[in-house]
Structures are given as structure tokens and as C-alpha cells.
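Architecture at a glance
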Amino acid sequence: MENKKNLNLTLKIWRQKNNQSKGEFKTYDAPNVSPDASFLEMVDVINESLVVKGEETIAFDHDCREGICGSCGFMIDGNAHGPQKGTTVCQLHMRNFSDGQTVTLEPWRAEAFPIIKDLMVDRSAFDRIIKAGGYISANTGGAPDANAVPIPKYDADEAFLSAACIGCGACVASCKNASAALFTSAKITHLALLPQGAVEKDQRALDMVAQMDSEQFGACTSTGTCSASCPKEISLINIAKMNREYLRASWTKKEAVHGGDMA
Amino acid sequence: MLDFLKSTVGRKYIMGITGLVWLGFVLTHMAGNMLILVSGDLYNAYGHAIVSNKPLLYVAESVLILSLCAHIFTAITLTIQNRKSRQSRYAITPNGSKGSSLASRTMAIQGSIVLAFIILHLITFKYGAEYTTNVNGVEMRDLHKLVLEVFKQPVYVAWYFVSLILLMFHLSHGAHSIFQSFGILERKMQKSLKKFAWIYAVIVVGGFLSQPLYVFLIHN
């Protein structure tokens with residue numbers, strides 16, 4: 001039988017006014033929490049009580065609350081998105097915790113993700129990586145027929161798995177090097193596997209890796225925490241794929257040629 | 001290609017290739033050492049055969065030293081960058097299914113101790129006491145005698161065990177992560193790869209550790 005009793009929890013939450021100020025942990029009580037509540041709903045209730053008391057509410061990112069947008073995410077007892085695998089914090093339910101437990105909440109910590117406030121961080125470094133090549137160039141016009149270009153089932157499935165990345169930043173947050181290898185590689189792999197993206201795959205690999213390295217991310221040391229913490233369980237094989245795409249693109253990098261009949 | 005070598009991805013290829021040289025070396029080194037279990041004379045003859053072929057010896061030594069230097073230099077640059085990328089630590093370290101293995105997190109420390117071990121190891125054996133012996137009428141260095149002498153010192157044996165166990169962790173992480181670094185990791189390999197890396201590391205280190213055990217059991 002599932003435990004249906006309400007929980008009383010103690011929360012240690014990182015409070016930081018802004019990027020310049022020094023943060024600290026503050027302790028909050030979360031009484032009478034329904035085990036069916038989501039983790040964010042539990043924080044919402046604390047925030048409501050703070051409003052009543054006239055105190056500053058706890059800032060955290062969130063949007064869809066369906067586990068598909070990638071907005072939410074923070075560390076719960078050192079685990080990105082909490083203890084349950086393959087789950088975003090908005091889809092984490094309080095039944096995963098036990099009565100009387102003390103739970104520690106911290107923002108993603110990485111030099112590339114400066115803290116904005118409390119549990120919110122600035123993930124625009126990810127946006128810049130995507131901007132560097134995480135797209136396909138397509139002419140506008142009517143949508144092409146979905147099945148006009150046949151794609152092998154294996155490639156389509158792998159591309160789907162890579163495309164599942166929601167860019168939440170859990171990989172960077174959980175990596176001891178704050179490496180963005182899993183995020184960057186998921187996008188490189190997703191697009192390289194599909195004929196629409198394959199045309200630009202060399203330039204994409206060069207540009208996205210260069211952008212990743214120019215941000216304050218570290219290098220991959222294959223600890224595997226990124227994949228273990230990923231709410232979409234993006235596989236480490238994406239990083240392998242990125243490495244070989246990048247090697248091939250660097251090796252075969254083309255230079256402008258002239259002469260012959262190219263007038 | 002210069003941009004490639006400077007990138008985080010390219011430097012992982014350097015770590016992998018130079019590491020692979022040493023993965024191959026420790027395996028053959030261990031296999032050769034196993035001759036001590038057959039006979040002291042055979043062990044000495046094997047050592048003599050290696051140092052007799054000077055050109056090949058110098059080429060092999062150069063490749064090993066260059067690989068080691070490149071491995072260490074690249075490791076230092078990567079470690080500095082990685083530490084800079086994550087300057088603040090979390091209050092709580094995860095230890096559940098979202099954690100990572102201690103071996104994978106502490107490669108730099110293991111590597112530093114293994115480097116100290118390699119230097120001491122060269123001083124003890126390669127540049128150690130020169131005893132001579134005669135095997136089938138050929139004058140050669142008596143490494144067997146030196147091995148017995150060294151492995152009868154408990155402090156050295158203790159240090160040898162500690163270093164080799166760290167080497168085992170270092171090799172086990174290296175042997176599987178090169179597949180990812182080189183970009184040849186595929187979904188179908190993922191499960192068996194860690195097992196393969198551990199089997200490799202245990203065989204290599206187990207082989208080396210059989211040497212002091214041999215001295216302890218047979219010659220005490």
C-alpha cells in the first residue's frame with residue numbers, strides 16, 4: 001500500500017538576493033504536505049505562507065510543469081531534479097520523500113550559469129550554443145510532405161532520443177567539471193542523424209563545439225553523472241557521436257578552391 | 001586541425017591516444033613479468049633480450065615518455081579548466097543512482113600518485129642495483145635478484161600495493177572512457193564496456209601484484 005499520510009518536512013533552501021550578493025541557506029518548515037503534491041507545488045505553498053508573512057518569496061524557474069519545457073530544475077540533496085531518475089523537478093512527487101526528512105535545495109552551480117536569484121540561474125550560455133548551429137537552414141513555404149524523405153527507423157529513433165533534450169541544464173549542474181558536452185552533443189547528434197540536418201553537420205559540429213568551449217564550461221571526463229541526472233535520460237553515446245563528428249569535421253574542413261571551369 | 005587539438009574534444013583524443021599507448025604497455029609489461037613465475041633465469045633472459053635491441057628500445061622508450069608527457073600536460077590543462085568551470089561546491093554530494101563512481105571523479109589524484117610511482121619504480125629497478133648473472137653462458141643483469149631484494153621490504157610492498165590499486169582504478173576508467181572520447185561508443189556496447197575495462201584492469205594489476213606474492217610465498 002502506498003503511504004498516503006501527509007508529510008512534515010524541513011527544507012534548507014539557498015537564498016541569494018542577486019548575482020552580486022552572497023547567498024546562504026535558510027531553513028523553512030513544510031508542514032502537512034500531501035504525498036500527491038509535486039515538489040514545485042510544495043514550494044508554492046511555502047511561498048504563499050511567505051507572502052502572508054510579508055517576506056520575500058523563493059524564486060525558482062518553472063513553466064509547463066509537465067516535464068517537457070526545461071524551465072525548472074534545481075538540486076535536491078545534491079541530485080539534479082531530485083532523487084528520482086528520468087524526472088524533472090516539476091514531475092517529482094512528494095511521495096518520494098519521508099515524514100520528518102530534511103531536504104536541501106540549491107541552485108545549479110556552474111560558472112557558465114550565474115545565479116540570478118535564489119534557485120534561478122541564467123542559462124543563456126545554452127541559447128548561444130544553439131544559436132551557433134543548433135538548427136537547420138530551410139526555405140520558408142509550405143510544409144514539405146512528412147514522408148517525402150525516407151529515414152531509416154534506427155536513425156529516426158536515435159534522433160528522437162537525442163531530440164528529447166529539454167535544455168534544463170541538469171547535465172552541467174551535476175557534472176563536476178560543469179561540462180556542457182551532453183547538451184551540445186544531443187543537438188549535434190539529433191540533427192546529424194536526419195537528412196534535413198545532415199547537410200550542415202560538419203559546420204554545425206565545428207561551430208557548436210567552438211561556442212561550447214568559449215563559454216565557461218569544463219571538459220567531459222566521462223563520469224556519466226550528466227546522463228544519470230538527465231530527466232530525459234540522454235545517453236552518453238551522444239558525446240561519442242559529437243566527438244567523432246567534430247574530429248571528422250576538423251579533418252575534412254574545406255578551403256575555398258578556384259580555377260577550372262567554375263567561372 | 002590546431003583548433004581541434006586546442007578544443008576540449010580534441011584534448012580528450014590526446015588523453016585517449018596517449019593513455020592507449022600506456023594501456024598497451026602495462027599489459028605487455030605485466031605479461032613479460034609473469035616469466036618470473038616460470039624461472040628466474042627466463043625472467044633475466046627476457047629482460048636482457050629487451051635491452052639488447054637498442055634501436056627498438058630507444059624508439060619504444062621515446063614513445064612512452066612522449067605519451068606520458070603529453071598525457072600529463074593535457075591532463076593539467078583540462079583539470080585547471082574544469083576546476084575553473086565549477087568553483088562553488090554543493091552542500092550535499094549525491095551518492096545514489098545519480099552519483100558517479102569515485103574512480104571517475106578522482107582520476108587526477110590517481111594519476112599524480114601513479115606518476116610518483118613510475119618515477120620511483122624506474123629508480124628502483126631500471127636504475128637500481130646492477131647485479132650480474134650468467135644464463136647459458138651469456139653475461140646479463142640479474143633482475144631476479146633485485147626483485148627478490150626489493151619485494152622483501154614490507155614498506156616497499158605496501159607502497160607497491162597502494163599504487164597498483166590506484167593504477168587499477170585509473171586503468172578501469174581510462175579503458176572504457178577512451179571509447180567515448182574516440183567517438184566509437186555505441187549503445188550496444190555500453191553495458192559490456194565497463195565490464196571489459198574492469199576485467200582488463202584487474203588482469204593487469206593482478207598480474208603485477210602476483211610478483212610480491214611470489215616473492216613472499218616462494219622465497220620466504
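Just so you know, the residues in each chain are numbered from 1, in the order the chain's sequence is written. Numbering of ligands from 1 and lettering of chains from A proceed in the order in which they are written. Restriction of local features to residues with pLDDT of at least 70 applies here, the model being predicted, together with a cutoff of 80 or more for giving and counting side-chain atom pairs; totals for whole chains, interfaces and linings are based on all residues. Side-chain descriptors were evaluated using all non-hydrogen atoms of the structure, hydrogens and water having been removed beforehand.

1. Some words on the overall build of chain A
Quick reminder of the rule: For helices the rule is a DSSP run of H or I covering at least 4 residues; for strands it is a run of E covering at least 2, with both sets numbered from the N terminus onward. Using a 1.4 Å probe on the protein chains alone, a residue whose accessible area is under 20% of its type maximum counts as buried, one over 50% counts as exposed, and one in between counts as partly exposed. In what follows, residue pairs with any heavy atoms lying within 4.5 Å of each other are defined as contacts. Per-residue accessibility takes into account occlusion by the displayed protein chains alone, with areas from the Shrake-Rupley method and a 1.4 Å probe. Neither His nor the chain ends is counted toward charge; the positive residues are Lys and Arg and the negative residues Asp and Glu. To locate a charge, the coordinates of NZ of Lys, CZ of Arg, CG of Asp or CD of Glu are taken.
Within chain A, the regular secondary structure consists of nine helices and seven strands. Each principal axis of the C-alpha atoms in chain A carries an extent, and together these give about 80 × 45 × 40 Å. Across the 263 residues in chain A, those meeting the buried criterion constitute 51%. Counted over contacts in chain A with a minimum sequence separation of 6, partners at least 24 positions apart contribute 70%. With the model as given, the accessible surface of chain A reaches about 12,700 Å², and the carbon-plus-sulfur share is 52%. Positive and negative charge centroids in chain A, built from 27 and 32 side chains respectively, lie 3 Å apart.

2. A word on the nonpolar core
Put simply, the test is: In these notes, a set of buried Ala, Val, Leu, Ile, Met, Phe, Trp, Tyr and Cys residues joined through side-chain atoms within 4.5 Å is what counts as a nonpolar core. These domain limits were set by an automatic method or by a database of domain assignments.
Counting 113 residues, the largest nonpolar core has A:Phe39 and A:Phe217 as its most contacted members. Looking at which domains feed residues into this core, each of domain 1 (7-106) and domain 2 (123-251) of chain A supplies at least three.

3. Regarding the interface of chain B and chain A
Rules: For any pair of parts, buried area is found by adding up, for both, the accessible area (1.4 Å probe) each one loses once the two are put together. Put simply, a salt bridge is a Lys or Arg side-chain nitrogen that is within 4 Å of an Asp or Glu carboxyl oxygen. Distance and chemistry together define a polar contact, namely a pair of N or O atoms within 3.5 Å, with one atom able to donate a hydrogen and the other to accept it when in protein, and with adjacent residues in sequence counting only for side-chain atoms on both sides. Under the convention adopted here, Pro, Cys and the residues Ala, Val, Leu, Ile, Met, Phe, Trp and Tyr are nonpolar, Asp, Glu, Lys and Arg are charged, and Gly plus all remaining residues are polar.
At the junction of the two partners, chain B supplies 39 residues and chain A supplies 54 residues. If you sort the residues of chain B by the area they bury against chain A, B:Tyr90, B:Lys98 and B:Gln180 come out on top, with a joint share of 22%. Along the contact surface separating chain B from chain A lie two salt bridges. Here B:Arg187 ties to A:Glu158 by a salt bridge, and the two come within 2.7 Å at their closest N and O atoms. Joining chain B to chain A, the criterion identifies 25 residue pairs in polar contact (both at pLDDT 80 or more). Listing elements by their share of the side of chain B that touches chain A, those giving two or more residues are α1 (2-6), α2 (8-33), α4 (54-85), α5 (102-105) and α8 (154-181) of chain B. Its residues placed into classes, the side of chain B that touches chain A shows 13 nonpolar, 17 polar and nine charged.

4. Quick look at unusual backbone geometry
All names here are of chain A. Unlike most non-glycine residues, Asn 32 shows phi in positive territory, near 55°. Positive phi, close to 50°, is recorded for Asp 77, a residue that is not glycine. Here Asp 77 is to be found in the loop between β3 (75-76) and β4 (79-80).

5. A short note on the sheet that holds β3(A)
Residue and element names in this part refer to chain A. The following threshold applies: Here the rule is simple: two strands pair whenever DSSP picks up at least two bridges between them. Only C-alpha atoms enter the line fits that serve as axes; for helices the fit covers just the stretch in contact. Angles between N-to-C directions range over 0 to 180 degrees.
With mixed pairing, the five strands of this open sheet are ordered in space as β2-β1-β5-β3-β4. Only two strands of the sheet have a single partner each, and these edge strands are β2 (24-33) and β4. Bridge count for β3 against strand β5 (residues 102-106) is two bridges, and the pairing is antiparallel. Residue pairing for β5: Ile 76 is matched across the bridge by Leu 105. Taken strand by strand, helix α1 (residues 39-53) contacts β1 (7-15), β2, β3 and β5, and its axis lies near 105° from that of β2.

6. A short note on the side chain of A:Asp77
Look at A:Asp77: it is buried, it has no salt bridge, and the nearest opposite charge is A:Lys12 at 8.3 Å. In this structure the side chain of A:Asp77 is engaged in a polar contact, spanning 2.7 Å, whose partner is the backbone nitrogen of A:Thr104.

7. Quick look at the environment of B:Ile50
Counting through the fold element by element, B:Ile50 comes out in helix α3 (residues 40-52). Separated by 44 residues in sequence, B:Ile50 and B:Lys6 have C-alpha atoms that sit 37 Å apart.

8. Observations regarding the side chain of B:Lys98
When you line up the elements, B:Lys98 lands in the loop between α4 and α5. Here B:Lys98 sits buried without a salt bridge, and the closest side chain of opposite charge, A:Glu233, lies 8.6 Å off (N-O distance). Reaching out from B:Lys98, the side chain makes a polar contact with the backbone oxygen of A:Gln84 at a distance of 3.0 Å. Apart from the residues lying within four places of it in its own chain, the contact partners of B:Lys98 are A:Asn79, A:Ala80, A:His81, A:Gly82, A:Pro83, A:Gln84, A:Lys85, A:Thr225, A:Ala228 and A:Ser229.

9. As for the packing of helix α3 (residues 153-163) of chain A against helix α5 (residues 181-192) of chain A
Residue and element names in this part refer to chain A. As a reminder, the rule being used: Roughly parallel means an angle under 35 degrees; roughly antiparallel, over 145; roughly perpendicular, 65 to 115; everything else is oblique. Put simply, a crossing is left-handed when the front helix is turned counterclockwise from the back one by less than a right angle, and right-handed when it is turned clockwise.
It is the contact of α3 with α5, at a shortest axis distance of 8 Å, that shows an interaxial angle of 150°. Considering their axes alone, α3 and α5 lie roughly antiparallel with respect to each other. As for the relative orientation of α3 and α5, their crossing is left-handed in sense. Every residue of α5 that contacts α3 at Ala 159, Ser 162 and Ala 163 is listed here: Ala 186, Thr 189 and His 190. Among the residues forming the contact of α3 with α5, the class breakdown is three nonpolar, three polar and no charged.

10. Structural notes on the pairing of β1(A)
Each regular strand carries side chains that alternate between the two faces of the sheet. Residues and elements named next belong to chain A. The pairing of β1 with β2 spans eight bridges and is classified as antiparallel. Its bridge partner being in β2, Leu 7 is matched across the sheet by Val 33. Of the strand pairs in this sheet, β1 and β5 are connected by four bridges, and their pairing is parallel. Bridge assignment links Thr 10 to a residue of β5, and that residue is Thr 102.

11. With respect to the pattern of salt bridges
Residue and element names in this part refer to chain A. For the coordinates displayed, the defined rule picks out 15 salt bridges over all chains. Across the pair Arg 109 and Glu 106 runs a salt bridge whose closest N-O atoms are separated by 3.0 Å. The exposure classification of Arg 109 matches that of Glu 106, with both residues buried. Several salt bridges share partner residues, and in doing so they unite Asp 202, Lys 241, Glu 245 and Arg 248 into one network.

12. Some details on the domain arrangement of chain A
Residues and elements named next belong to chain A. What the domain assignment reports for chain A is domain 1 (7-106) and domain 2 (123-251). Regarding the contact of domain 1 and domain 2, the summed buried area is about 890 Å², with carbon and sulfur atoms giving 53% of it. A class-by-class count of the residues in the side of domain 1 that touches domain 2 yields five nonpolar, seven polar and two charged.

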